[in-house]
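Listed below, chain by chain, are the residues.
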Amino acid sequence: MYRKEKSDQMLNQIGRKTFQSNGIMTCCISLYFIMLPFGAVSLGKEGSVLKFIAVLPCFFFLLIYQRIVLSKIVILQFFLIIKCIVDLCYTIEVNSSIQVIRTNILFLVLLVATGCANFDHSELKVIRNSLVWASRITCILLIFFGSFKENRYLLSGVITEDPNYLNGYFLFGLVHAVQALRSDDHKKIKILSLLEISIYFSASILTGSRGGLLSLIVSVFLMVVLGSNTRNRGNRKKIIIFLLLMIIFLCLLEIIPESSTSRFYLPTVMSTGGTHRFEIWKKSLEIFIESNVFREIFGYGCGTIRSIYLTHQYMDVVSHNVFIQQILEGGIISFTLYSLIICCCLNFLIQKKDWMLFSCFIGFIVLSLSTSIMTFKPYWNAILIVNLLSGNDRILSQE
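Only a predicted model underlies this, so the values are computations on that prediction, with no experimental measurement involved.

(A) Geometry of the overall build of the protein. Counting secondary structure elements, the protein contains 19 helices and 2 strands. By sequence separation, contacts in the protein at least 24 residues apart represent 74% of the contacts at least 6 residues apart. Element-wise, carbon and sulfur atoms account for 66% of the exposed surface of the protein, whose accessible area totals about 19,900 Å².

(B) Spotlight on the pairing of strand β1 (residues 146–149). Pairing between β1 and strand β2 (residues 152–155): 4 bridges, direction antiparallel. Along β2, the bridge assignment pairs Ser147 with Leu154. Counting the residues that bridge the hairpin from β1 to β2 gives 2 residues, and of these Glu150 lies at a positive phi of roughly 55 degrees.

(C) Representation of the pattern of salt bridges within the structure. For the structure on display, the rule yields 4 salt bridges. Lys83 is the salt-bridge partner of Asp87, the closest N and O atoms lying 2.6 Å from each other. Here Asp87 and its partner Lys83 are both found in helix α4 (residues 72–87), 4 residues apart, which amounts to about one turn of the helix. There is no split in this pair, since Asp87 and Lys83 are both buried. In this structure, Arg136 and Glu196 form a salt bridge, with 3.0 Å as the shortest nitrogen-oxygen distance. With Arg136 in helix α6 (residues 121–145) and Glu196 in helix α8 (residues 187–207), the pair connects residues that are 60 residues apart, well separated along the chain.

(D) Spatial organisation of α4. With 16 residues, α4 extends 23 Å between its outermost C-alpha atoms, agreeing within 8% with the 22 Å of an ideal straight helix rising 1.5 Å per residue. Those residues of α4 that sit buried are Ile73, Val74, Leu76, Gln77, Leu80, Ile81, Lys83, Cys84 and Asp87.

(E) Summary view of the nonpolar core. The biggest cluster of nonpolar side chains holds 98 residues, and the ones touching the most others in it are Tyr32, Phe170, Phe201 and Phe361. Once you skip the residues sitting within four places of it in the chain, Phe201 turns out to touch Leu174, Leu213, Leu216, Ile217, Val220, Phe249 and Leu252. In terms of nonpolar packing, the next biggest core, distinct from the first, is built from 11 residues, Ile308, Tyr309, Tyr314 and Leu328 among them.

(F) The environment of Leu110, seen in detail. Along the chain, Leu110 turns up in helix α5 (residues 94–114). Classification of Leu110 as buried rests on a relative accessible area of 0%. Between the C-alpha atom of Leu110 and that of Ile29, which follows or precedes it by 81 residues, the distance is 9.6 Å. Among all residues touching Leu110, those that are not within four sequence positions of it are Tyr32, Ala54, Pro57, Cys58, Trp380 and Leu384.

(G) Up close: the packing of helix α9 (residues 210–226) against helix α18 (residues 355–368). At a closest axis distance of 8 Å, the pairing of α9 and α18 adopts a crossing angle of 155 degrees. By the angle class used here, α9 and α18 are roughly antiparallel. Crossing geometry of α9 relative to α18 is assigned as right-handed. Counted together, Gly211, Gly212, Leu214, Ser215, Val218, Ser219, Leu222, Met223 and Leu226 of α9 and Trp355, Met356, Phe358, Ser359, Cys360, Ile362, Gly363, Val366 and Leu367 of α18 form the full contact between these two elements. Tallied by class, the residues present in the contact of α9 with α18 amount to 12 nonpolar, 6 polar and no charged.

(H) Highlighting the packing of aromatic side chains. Counting across every chain of the model gives 17 aromatic pairs. Look at Phe221 and Phe242: their rings are 5.6 Å apart centre to centre, the planes differ by 35 degrees, and that puts the pair in the tilted class. Placement of the pair is Phe221 in helix α9 and Phe242 in helix α10 (residues 232–255), with a sequence separation of 21 residues. On the basis of relative accessibility, which here comes to 45%, the residue Phe221 falls in the partly exposed class. Its relative accessible area of 27% is what places Phe242 among the partly exposed residues. Seen from their ring centres, Trp355 and Phe358 are 5.7 Å apart, and the 85 degrees between their planes marks the pair as edge-to-face. Of the two residues, Trp355 and Phe358 both sit in helix α18, 3 residues apart, roughly one turn of that helix. Overall, Phe358 belongs to the buried group, its relative accessible area being 10%. Connected via pairs of aromatic rings, a cluster forms that spans Phe172, Phe361, Phe364 and Tyr379. Directly above the ring of Trp133 sits Arg136, whose terminal nitrogen or CZ lies 4.6 Å from the centroid. Here Lys377 stacks its cationic end above the ring of Trp380, 4.8 Å away from the centre of that ring.

(I) Local environment of α18. Between its first and last C-alpha atoms α18 spans 20 Å; for 14 residues at 1.5 Å apiece the expected length is 20 Å, and the two agree. For α18, a buried count of 13 out of 14 residues is recorded, marking the element as mostly surrounded by other parts of the structure.

(J) Fine view of unusual backbone geometry. We note that Gln313 has phi near 55 degrees; this positive angle belongs to a residue other than glycine. Tracing the chain through its elements places Gln313 in the loop between α15 (305–311) and α16 (322–329). In this structure Gln313 comes out as exposed when scored by relative accessible area, which is 70%. Its identity as a non-glycine residue notwithstanding, Lys353 has a phi of 55 degrees, on the positive side. Its location among the elements puts Lys353 in the loop between α17 (331–352) and α18. Of the residues examined, Lys353 reaches a relative accessible area of 60% and is grouped as exposed.

Thresholds, definitions, all that
- Residues numbered from 1 in each chain as written.
- Predicted model: local features only at pLDDT ≥ 70, side-chain atom pairs only at ≥ 80, totals over all residues.
- Heavy atoms only, no water.
- Helix = DSSP H or I, 4+ residues; strand = E, 2+ residues; numbered from the N terminus.
- Contact = heavy atoms within 4.5 Å.
- Areas by Shrake-Rupley, 256 points an atom, 1.4 Å probe, with all protein chains shown as cover.
- Pairing = 2+ DSSP bridges.
- Salt bridge = Lys/Arg side-chain N within 4 Å of Asp/Glu carboxyl O.
- Buried < 20%, exposed > 50% of the residue type's maximum accessible area, 1.4 Å probe, protein only.
- Expected span 1.5 Å × (residues − 1).
- Core = buried A, V, L, I, M, F, W, Y, C linked by side-chain atoms within 4.5 Å.
- Axes fitted to C-alpha atoms, helices over the stretch in contact; angles between N-to-C directions.
- Parallel < 35°, antiparallel > 145°, perpendicular 65-115°, else oblique.
- Left-handed = near helix turned anticlockwise from the far one by under 90°.
- Nonpolar A, V, L, I, M, F, W, Y, C, P; charged D, E, K, R; others polar.
- Phe/Tyr/Trp six-rings, centres within 6.5 Å; stacked < 30°, edge-to-face > 60°.
- Lys NZ or Arg CZ within 6 Å of the ring centre and 35° of its normal.

Shape descriptors only; they carry no functional weight alone.
Here you go:
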């Protein structure tokens, strides 16, 4: 009898400790996710404010858990860092490569720290909601502190962010609003969701980012199609939602000044060559083809994209495409490792039928086709949350 009571007491203590530990880690990860907009607050050489907030989950990981869950994403990221370190032997810009290695190591540490705990349903809900609130906070900051520059709305001043990248901050909130519109039967929630969707689309159009707006549209489309059931009622619901969203979008195009909407017209896109992106991508392909076999396999070194263009007598620009940047900087090896990380994330989300995160992730991939978001924090958060969910499943299965 005494032994049984003692055993029950020990189990209760372990349970309380686990609950407290997970509660602390839930708060730390949620704080990191919700403070996402402050990744655009630069502290000079020290980096952004978000870097210091990232210390919290890493500190409590070392203090409480002291275990590493080796997910496929973590392993692939580790090998990508090894490849970047090897790049130092032949890189054409050592300092840039070292900076990229540091950034990738920080990302690996975050992956390990956030993927170590076995969160319950309520804790996971808090963490996921923090991603949504990060989108909402970004919108609020944009409304109060945004300004126009060359007919494009952007954040400038203490919080500074490129208008193309701003759209990445909206993805979690937008897709969540579409999910609420589709699944919640309360009229008040539906009205608020439509209002929230309208705000995100308005902000996206005002930023003038064509790739950003396309990423939002693709994410919304996927959420409506995949997030509904296949019965007749579900199909009718899809059509109604599509019509509603189309009406909202067309109304916004009419309301917003033409000085902002003209960037999205096909003649403008063709006349500017996608803001010279088509020309940059063509030149990138030529550089890769003309490079020797060694450079095609191993690349010119991580973080060297500007130097690559300059050494080939081209402009001082970035590639505006993550996949092109990977294959030029890291060759076929880095391109393959990076692509495998993306495939692992998508495969996990498809298996779990997590269509909200899947739609967001596809949105980031679409955005990455026209921007260089290698170290873009919202993109990091998408990979972090997938690794967290994957690690959570792995721990539960082992227990």
